[in-house]
Structures are given as C-alpha cells and as structure tokens.
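Inside the fold
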Amino acid sequence: MLRVGSSLVSRASRRHDVVIINRVAARSLSTSTSSSADWQFLVPPSPKQRLLMGCVAYDPAVGQIWDGMKDYLTSSSGGNLPHFDYVLFTNYEQQVSALVDGHIDVAWNGPVAHVMAEDLAADRQDDVALVQSCGMRDVDRDFRSVALMKRDCLEGEVGTVSAMKGQTIATGSTDSPQGHLVPVDWLVHTVGIDDSTIIPHEYDLGKHGDTAVGEIEAMKAMLDGTGGTSAALVSEMMYQRGLDGALDGIDAEELRESAVQLRESPPVFDHCSFDALVGDHPSDGGKSTDIDSHRAKIGAFSNAVLAMDIQDPCQTTVMKLEGINKQWMGPRVDPGGAVRTALNRRGLASAGRSNTFGSQVRAFSSSTASFGGERVAVLGAGVSGLQSVRALRAKGFDVTAYDPNPSVGGLWRQNYLSYGVQVPKQLYEFPDLEFSEVEVGKFPSGAEVQKYIERYVDHFNLGDSIALNTSVTKVTQNEDGSWSVKIKTKEGKEEDNQFEKIVVATGLYSSKNPSLPGWATGETAADFNGEILHTSQVLQAEQIAGKKVVVVGNGKSAVDLAVASSNAGADSVTLLSRNAHWATPRLIADLIPFQYVFLSRLGQNLVLGLTGPLPGCSPSHSSVWYSVGQYIMPPIFKVVELLFAAQFRNVTGPTSPFNKVGVVEDFYGYAQVLDYSLRDKVKSGEVDWKVGAIDSFESDGAVLADGEKVSADLVICGTGFQKEYSVFDSATREKLNIESDGLWLFNHTVPTNVDNLAFVGSELAVISNISGYGLQAAWLSKLWSGEINANKQDMESEVNEMKEWKRKWMPNTPSRSSLVLLHQIHWYDRIMNDIGMKASRKSNLLSEWFMPYESSDYHGVLTTLEEKK
C-alpha cells in the first residue's frame, strides 16, 4: 500500500480565515487615473457597478502586482473600469467561498480552487455549472511536474519512472497540484506504483503550493537523502529554477550532478485562471434582468486583461512581475483537468460536470472573439480529432469534439479480429507522449493502441472538450460563413449548436461506411446459405471456427483476417484477390527495418527521383535530381522488387506482382507492411490464395468469374471503406466538388471554395499517420489564428498542380487525392516551415539523411504552439 508519511518539516503555516481588504482609494482625486465621470469620492459603488476581484496573498509582491493592474484597469486609456478593485485573501478556501457567495466578482484561482469553486457553485445552484474561467497567463497553460531521482539510486543509464518503485519520495505540500496532488495521483493510478513512501513537506497550507516552499524542501531532502529520501515530485518550473541557481538552499551544480529527471512525467494541466460566476449572480439577488449586465461587466474585465501588451512600457513591469512570458491568454474549457481527477480519486471533488452535448456556458458578451475565441466543432474523437482539439485549444479556440461512440479512439475502439498497427510503435506515437506500453520495434495490437489513446486524453486533459455518445447528423453553412451543427445523443435528444469553424476528423476509414462489392448485396447473394460480412463485423474467433471461410481482398485487413481465420480454427481458408499487389517486408533483406529505407531522408529522395517532387513541399533542387533520377531509379527499383518478391516466396505465379506493376506505384494504391504469416500459411496449405473474382453464389459457396466454385460458409469482404460526405448540406457538398479520385484540398487540409472548414486526418495518408495528423492540426491552428497567410489563387494553383502530378503516375483509386506516403518527410518539412519551426530535426548530417524519421523527432511541436505566437 502507498504510505504517506508525516512531514520531515514540522513548521507549517497555520490557516487564516481573515480577509485582508485592499487599501481602498487613499489617493487624491487629482492623481487618480479613473474616469471622473463614473468614479465619485465617498460614494460606494453599487453591486452592479462594482467589479471586485479576489486573489491570495502568497507573496508580498501580490499587492504590488494588483496595484499596478488596478492602475491599468481603472484608467480611461486602459481597461476603463473605474469601479475595479481587489481584495487579498490568505487562503483559497475563503476566496472560493467569497466568489460563490457573491462577495467578489472574479477570483484569481489556482486549479484546485477552480475545481472547488465549480463544485461549490453546483451544490448551491441545483447542479447548474456556474463557474467559468475568463483568462489566464501564458505560463499557466500546460503546467508540468517532473519526477526526479538521485543518480546513484538509478539502475542503468536511462531513468524510467519504474525506478521509483519502493523508494521514499519527497513532495511539496499536500494541497499543491504541481508539487503533490497530480504527480502522486499519476504515480499511483497511471504508473501503478503503490509501494513507495510519500513524504509531503507541508508549508503554507491554504495557498495550494503557490509559495513552492514545500517543493524546495522536497528537493533538499532528496539531495541530502534525509530519512532515506531518494526521489522527488516537483514542478518543472521549480526544478528549472533550481538548475538556474535561483533557489535559496539549492546548489545548482549539486542538483545537476546528483539528480536525474526521469523520462516519463505526470500529465500537464492548466494552473491559475480568472474565475467568475456566469449564472444568476448572488449579489444581484438572482434577478434574471441583471444577468446580462453582470456578464458584460465580467466580459469587459476579461477583454481589458487580454488586451494588455507586454511591449507597452506602461504595462511591461506589472506583466513581468506577474510572471507572464509574452501575454495574457484566453480561457480554456476546464482549467482543472488532471487536478479534478486527482481530487476526485481522493474523494475531495466530483467526477466533473455533466456535458452531454459538450456545450459550455458561453461568453459574457455576445462577441465570440471577445471571450474564449471562436467556437470550433470537431467531428470525431480519434487520433486526428484529439490532436485537433489540443492544437486549437492551444491557440485560444473554444473547441468541442463530437463522437457517437461511448469512448474515444475511433476505429481503434473495436475492429476486426487480430487488428493492429502495421508499423512499429515508434512510428505510431503521438509526438508528445511516448507509447510506453509497447517496446521499441514491436507492432502494437489494436487494444494496446486504444489504451494509449485513452492515456493521451488523460495526459493532456482533453476530456472536457469531448462529447461522447453524440452524433453529428447535419452540418449546414450559414450565410455569414459560420455553421449550424445538429447533434443527437444516444437517448435521441437533438440540439442545434452554432460554430464559427468545423474540423472533420472522422479518419480515412469509417466502419459506418464499408465498401461492399455488388455481389454482396445482389440477387444471387440470396442463394447463399452462409453469411457475407465486412471485415469490420468479424470481431470474435467464434464467428470463424469450423467454417469454410473465403476472404475477399488483398489489403492489410484481408490478409490479417485470412491469417486470423486459419489461427481461429476455420475448416478451410481461401484468400481471393482480384489482382496481385506488392507487400513491403518488415525487414528488408531480413536485416534492415523497412523504415530505414522508406522513412529516411535518403530513401524518400530516391523515391522522388522516380516520381518527381511533391508539389508545394519538396525543395526546389528536387527537380534537378528528378531530371536524372527518372532514368537511374527504375532499374534500381526493379532489383528492390525482385528482393521483395523473393522474401515473400512469390516471384512467379498469379499472386506475384513481379513484372506486373511497379512497387512504388502500387504502394500508392495498396500500401501494406507485412510479416511472413501469410507466406508461411500459403506454403503450408493452411490458406489457399487465388487470383479471381466472385461472379455469383450457390447455396454452399461462391462461383468465380472463370467458373471455378469455391466452397464457403462465410465470405468476408476485406474491400475497405468508402468516403461519405452526406453530413453536409447540398450547397457545401457542391462546393467541395468531390471527384472520383477523392476530395482535393489545399495542403490536404482545407478546401479552396468553402471557408471555415478543414479536414484533419480524413484526407491525408502518410506512413506515420498519428504524427502526421498532429502536425496537420498544428498547421491548421496557425492558419486559423492568422499566423499563416494563404490566398485563394495560390491555394487553387497548388491544388491543380498536385492533381496533375498525382494523376500522372499514381493508380486511379478513390483515395488518390489523400496520398502522401513515401513523400512524407517533404510534406512534414513544409508543415514545419509554415509554422516557423526547424524542418531538419536530427542532431547531425548523417542522422538527418540515413536514420528514419520517427514521431519523437517532432516532440514539442504542439506544446510550443503558444510560445510561437
């Protein structure tokens, strides 16, 4: 069991319940910067006029900071809020109570206080959520804690959090979200370490870790080994200050040499935020006629704070004193996040507010731009939708993702028997979260991917932006370019919501739209006594065992199910493919992992020599290489084809693609990376692989086009999925101009003829899909926040160039418009250049050209979005 020991430091500040009122207007009228038209000497403001903010006095500088903020907010040239004032509290508990009771209008709350305020307001208002954040500092977003351990207590050179098992761990005070609550909850419930001894260092209780004295003492205890302490959980900020030599009692050199930051870290969360009530305000007696004026008052405060400019000499000092890096930021949907989870597990907070439709109490004023940013609806909560939520929230958009399923993950929630990833785990990771559940080089199963996706949601606190069990039934563009979105819950409740922008993140494949051959639903199918299923419907081995199974197709799902059927005890298995297609071996020549060729800069440039440069993405000198490479590369790739065919023991015969289709061309229509399971099953006779097509059915089997009969009890269609755009109104579908080879978009993301609409993950196929969608989401957030310029003429020109290039050599498939695949690195380069980040991500020239690009190479791209403003 987890043991929480008594603090090694007994001196803890006693809680105070006294409210310290600010030094109210001891200034003369002649020096006041307030508007004399509104501010009257010796005349107390009414509750309607008053704008009173509470903050906790954790440091003597707090009064100085808010004196400066008051000067700005009350001035006619600044906030023009003549009745703004502030009060100081000695603890957050009293401040929360004062906010909910209506004694103050705004509270400068930490995340624990934010959760307290939400729950207290809900308790007092019949479960109506009344508290909403209306602004925060840039440094408060994605606040991080770190796990530290003494170097001499580690086994091996690389420290992982598993090393903390059985150790004595020092933390900050127990009410500190960054110094105790979140990291300890992560250690116990996410990592699963429950046999360590936790020693909290209790200082300044009631201030929720704001003084950080407990964290400093925790690091001291670790370095000194006090009471056997060998590790510490503290905020990244305090650890960095320790390394910078900015903490009394912490020797920077000793900390650097003696302590190691472990590779894994607790989930990020948002820290301080301005909280306000948005329902019937108690100070107004609950009169509905006063709600609008109250919201307008809070909105004016929020707008005034967000308008501050750190470059303005009159505002620089107070903003820097407040710890701001560049600017005040707009609010998030739920600044509590991981903090609420940690408190809930201790029985100190509710699980969260009801969010059936994902709708939130909105801005205090009618302007969406003035509070919380434009509203964005994201359709889908799979790997692309989740990263879209995170990227857009980071840029201040108010985002709600809708998904009809009871949990996140998209197709990874549930799919065909034995489904999994066809690339090693390092190619299928979120760039900012290691796929630690699976070893490097292993190919994750579908269940492992689903668990990882759920951990991503928890780690980055995305849950409150997601409405599950909620279908989007219709999306209609309004005359002003905004969108009406009709949604429906599983209980049948319908609602219309308004959004400024829409992101379609429903993925390349959807189990709702399986692509079935005509014979599967034709007249002769009625003659068949067996079952005809799509791969997405084959979920259990019991559906297969003892049956004569025919699997139709030659893509990954068809191959997987042919192998799985054999393993599940099918009486016989036939794999029926219309044409022969190339498979890529996991190990080229049984030695080299395929990604060293397919995902290295050298390998992708060799492909470019055969196909030509990717329009809008490849460097200008690529055309010079292509002028030579188009003659050099074909015989080289012929050797590659012979090697691949030999590895799969498939050099000749009807199932061999050798001398029938080029490997690169075919990869762009039917890409798959396989192990030798099918090869070995065919060799042993467990799977009969034929080239042919079903023409009709008889009661006990299928008749092929050449007249051959194949016995069957079960026919499985591994024939993929089809795209479907009927959710949009007819006018929007017409503008999208969907062609036979797909939906053509600028940078595979935005249509040129429909404003305020984007597709993330739905119209883009790269080898490392999960990281590609993250970069795509980052690019979109920059585009929509005005940091990337793109005019319609240039967009249309690039789309036309892309069409011409792809149609010149790629197979004519319904997905051609979305394909990037073996040109992935150059597409990623374009993204990185557009968003103002370094495209070359490796540490040296040799690695840059010869090592495969992996998801971890793009670590920090989403995290640093705000810093790049």
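Residues numbered from 1 in each chain as written. Predicted model: local features only at pLDDT ≥ 70, side-chain atom pairs only at ≥ 80, totals over all residues. Heavy atoms only, no water.

1. Some points on the overall build of the protein chain
What the protein chain contains, in helices and strands, is 24 helices and 36 strands. Evaluated residue by residue, the protein chain yields a buried proportion of 57% over its 869 residues. Across the protein chain, contacts joining residues at least 24 apart in sequence account for 73% of those joining residues at least 6 apart. As displayed, the protein chain offers around 35400 Å² of accessible surface, 49% of which is attributable to carbon and sulfur atoms. (Helix = DSSP H or I, 4+ residues; strand = E, 2+ residues; numbered from the N terminus. Buried < 20%, exposed > 50% of the residue type's maximum accessible area, 1.4 Å probe, protein only. Contact = heavy atoms within 4.5 Å. Areas by Shrake-Rupley, 256 points an atom, 1.4 Å probe, with all protein chains shown as cover.)

2. Concerning the nonpolar core
Counting residues in hydrophobic clusters, the biggest one holds 121 residues, and the most contacted among them are Leu 386, Val 503 and Trp 784. For Leu 386, the residues in contact, after removing those within four places along its chain, are Ala 381, Val 408, Ile 453, Tyr 456, Val 457, Leu 462 and Ile 466. (Core = buried A, V, L, I, M, F, W, Y, C linked by side-chain atoms within 4.5 Å.)

3. Some thoughts on the sheet that holds strand 33 (residues 714-717)
Ordered in space as 22-33-23-24-29, the five strands form an open sheet in which the pairing is parallel. Two strands lie at the open edges of the sheet, namely strand 22 (531-534) and strand 29 (688-691), each paired on one side alone. Averaged over neighbouring strand pairs, the angle between their axes works out to 20° when direction is ignored. The pairing of strand 24 (residues 572-577) with strand 29 spans four bridges and is parallel. Bridge pairing links Thr 574 to Asp 688 in strand 29. Strands strand 23 (548-552), strand 24 and strand 33 of the sheet are contacted by helix 14 (residues 556-567), whose axis makes an angle of about 170° with strand 23. (Pairing = 2+ DSSP bridges. Axes fitted to C-alpha atoms, helices over the stretch in contact; angles between N-to-C directions.)

4. Some points on the pattern of salt bridges
Taken as a whole and assessed by the stated rule, the structure comprises 39 salt bridges. Residue Asp 119 pairs with Arg 340 through a salt bridge whose shortest N-O separation is 3.0 Å. Of the two residues, Asp 119 is situated in helix 3 (residues 111-124) and Arg 340 in helix 10 (residues 338-345); the sequence distance between them amounts to 221 residues. Using a relative accessible area of 15% as the deciding quantity, one classes Asp 119 as buried. For Glu 798, the salt bridge is made with Arg 830, and the minimal N-O distance between the two is 2.8 Å. With Glu 798 in helix 22 (residues 792-809) and Arg 830 in helix 23 (residues 824-834), this residue pair connects regions lying 32 residues apart in the sequence. (Salt bridge = Lys/Arg side-chain N within 4 Å of Asp/Glu carboxyl O.)

5. Focus on the packing of helix 4 (residues 177-191) against helix 10
It is at 9 Å that the axes of helix 4 and helix 10 come closest, and there the two elements cross at 70°. With respect to helix 10, the element helix 4 is oriented roughly perpendicular. Seen along the crossing, helix 4 lies across helix 10 with a hand that is left-handed. Counting all contacts with helix 4, which are made through Pro 177, Leu 181, Val 182, Asp 185 and His 189, the residues of helix 10 involved are Ala 338, Val 339, Thr 341, Ala 342, Leu 343 and Arg 345. Looking at the contact of helix 4 with helix 10 residue by residue, the classes come out as seven nonpolar, two polar and two charged. (Parallel < 35°, antiparallel > 145°, perpendicular 65-115°, else oblique. Left-handed = near helix turned anticlockwise from the far one by under 90°. Nonpolar A, V, L, I, M, F, W, Y, C, P; charged D, E, K, R; others polar.)

6. Overview of the sheet that holds strand 16 (residues 398-402)
Taking strand neighbours across the sheet as the criterion, the five strands line up as 17-16-15-21-34 in an open arrangement whose pairing is parallel. The strands lining the two open edges of the sheet, one partner per strand, are strand 17 (466-467) and strand 34 (757-759). Both strand 21 (residues 501-504) and strand 34 contribute to a ladder of three bridges, which runs parallel. Bridge pairing links Val 503 to Ala 758 in strand 34.

7. Comments concerning a negative patch on the surface
Negative charge collects at one region of the surface, where Asp 224, Asp 251, Glu 254 and Glu 257 lie side by side. Tracing the backbone through its elements, the reader meets Asp 251 in the loop between helix 6 (236-243) and helix 7 (252-258). Taking relative accessible area as the criterion, Asp 251 reaches 41% and is therefore assigned partly exposed. (Patch = residues over 30% accessible without salt bridge, like charges linked within 9 Å, V, L, I, M, F, W, Y side chains within 5 Å. Lys, Arg positive; Asp, Glu negative; His and termini not counted. Charge placed at Lys NZ, Arg CZ, Asp CG, Glu CD.)

8. Quick look at the confidence of the model for the protein chain
Caution applies to low-pLDDT parts of the model: their predicted coordinates are not meant to be read in detail. Of the residues in the protein chain, 89% reach a pLDDT of 70 or more, and the chain-wide mean stands at 86. A low-confidence stretch, residues 1-37 stays under pLDDT 50, and its non-local contacts, those more than four residues away or across chains, total 71 contacts. Note on residues 353-372: pLDDT is under 50 here. Beyond four places in sequence and across chains, it has 59 contacts. (pLDDT = per-residue confidence, 0-100.)

9. Here we look at the packing of aromatic side chains
Counting across every chain of the model gives 29 aromatic pairs. Directly above the aromatic system of Phe 499 lies the positively charged group of Arg 375, at a separation of 4.4 Å from the ring centroid. (Phe/Tyr/Trp six-rings, centres within 6.5 Å; stacked < 30°, edge-to-face > 60°. Lys NZ or Arg CZ within 6 Å of the ring centre and 35° of its normal.)

10. Here's the deal with the pairing of strand 31 (residues 701-704)
In this structure, strand 30 (residues 694-698) lies alongside strand 31, joined through four bridges in antiparallel fashion. Across the sheet, the residue bridging to Glu 698 is Gly 701, located in strand 31. Hairpin remark: strand 30 followed by strand 31, antiparallel, with two residues in the connecting loop. Pairing of strand 31 with strand 32 (residues 709-711), which is carried by three bridges, proceeds in the antiparallel orientation. Across the sheet, Ala 702 pairs through a bridge with Val 710, a residue of strand 32.

11. Points about a nonpolar patch on the surface
Together, Leu 602, Leu 606, Leu 845, Leu 846, Trp 849 and Phe 850 make up an exposed nonpolar region whose accessible area comes to about 590 Å². Per-element accounting of the nonpolar patch gives the leading share, four residues, to helix 24 (residues 845-850). Inspection of the secondary structure puts Phe 850 in helix 24.

12. Topic: helix 3
The terminal C-alpha atoms of helix 3, which comprises 14 residues, lie 20 Å apart, in line with the 20 Å expected from a rise of 1.5 Å per residue. By the criterion of burial, helix 3 is predominantly enclosed, with ten of the 14 residues buried. Those residues of helix 3 lying buried are Pro 111, Val 112, Ala 113, His 114, Val 115, Ala 117, Glu 118, Asp 119, Ala 121 and Ala 122. Packing partners of the buried residues in helix 3 comprise helix 2 (92-101), strand 5 (106-109), strand 6 (131-133), helix 4, strand 13 (273-277) and helix 10. (Expected span 1.5 Å × (residues − 1).)

13. A closer look at helix 2
Burial in helix 2 covers these residues: Tyr 92, Gln 95, Val 96, Ala 98, Leu 99 and Val 100. For helix 2, the secondary structure elements touched by its buried residues are strand 3 (51-56), strand 4 (84-89), strand 5, helix 3 and strand 13. Looking at the residues trailing helix 2, positive phi occurs at Gly 102, about 85°.

14. Things to note about the environment of Phe 637
Residue position: Phe 637 is located in helix 17 (residues 622-647). Counting along the chain gives 31 residues from Phe 637 to Leu 606, while the straight-line C-alpha distance between them is 9.5 Å. Not counting chain neighbours up to four residues away, the residues in contact with Phe 637 comprise Leu 606, Val 607, Leu 610, Val 663 and Val 664.

15. Observations concerning unusual backbone geometry
The residue Arg 649 is not glycine, and still its phi comes out positive at about 55°. Tracing the backbone shows Arg 649 in the loop between helix 17 and helix 18 (663-670). Residue classification places Arg 649 among the exposed residues on the basis of a relative accessible area of 58%. At Asn 659, a residue that is not glycine, the phi angle is positive and equals roughly 65°. Mapped onto the elements of the fold, Asn 659 is located in the loop between helix 17 and helix 18. Residue Asn 659 is classed as exposed on the basis of its relative accessible area, which comes to 58%.

16. Quick word on the environment of Thr 535
In this fold, Thr 535 is placed in the loop between strand 22 and strand 23. Taking the C-alpha atoms as reference points, Thr 535 and Val 551, separated by 16 residues in sequence, lie 8.8 Å from one another. Excluding residues within four positions of it along the chain, Thr 535 makes contact with Tyr 416, Ser 557, Leu 561, Ile 716, Cys 717 and Gly 718.

17. Considerations on the pairing of strand 33
Every second residue of strand 33 is oriented toward a common face, with Leu 714 and Ile 716 on one face and Val 715 and Cys 717 on the other, all of them buried. Pairing of strand 22 with strand 33, which is carried by four bridges, proceeds in the parallel orientation. Bridging from a neighbouring strand, Leu 533 pairs with Ile 716 of strand 33. Where strand 23 lies against strand 33, four bridges are found, and the strand directions are parallel. In the sheet register, Val 551 faces strand 33, and the bridge partner there is Ile 716.

18. A look at the side chain of Thr 74
Relative to the elements of secondary structure, Thr 74 occurs in helix 1 (residues 61-74). Looking at Thr 74, its side chain comes within polar contact range of the main-chain oxygen of Lys 70, at 2.7 Å. (Polar contact = N/O pair within 3.5 Å; in protein donor to acceptor, adjacent residues only side chain to side chain.)

19. Some remarks on the packing of helix 1 against helix 9 (residues 313-321)
Packed helices, taken two at a time, are described by the angle between their axes plus the distance between the axes. In the contact formed by helix 1 and helix 9, the axes pass within 9 Å of each other and the chain directions differ by 145°. The two elements helix 1 and helix 9 cross, and the hand of that crossing is left-handed. Contacts between helix 1 and helix 9 involve Gln 64, Ile 65, Gly 68, Met 69 and Tyr 72 from the former and Gln 315, Val 318 and Leu 321 from the latter. A breakdown of the residues in the contact of helix 1 with helix 9 according to their chemical character gives five nonpolar, three polar and no charged.

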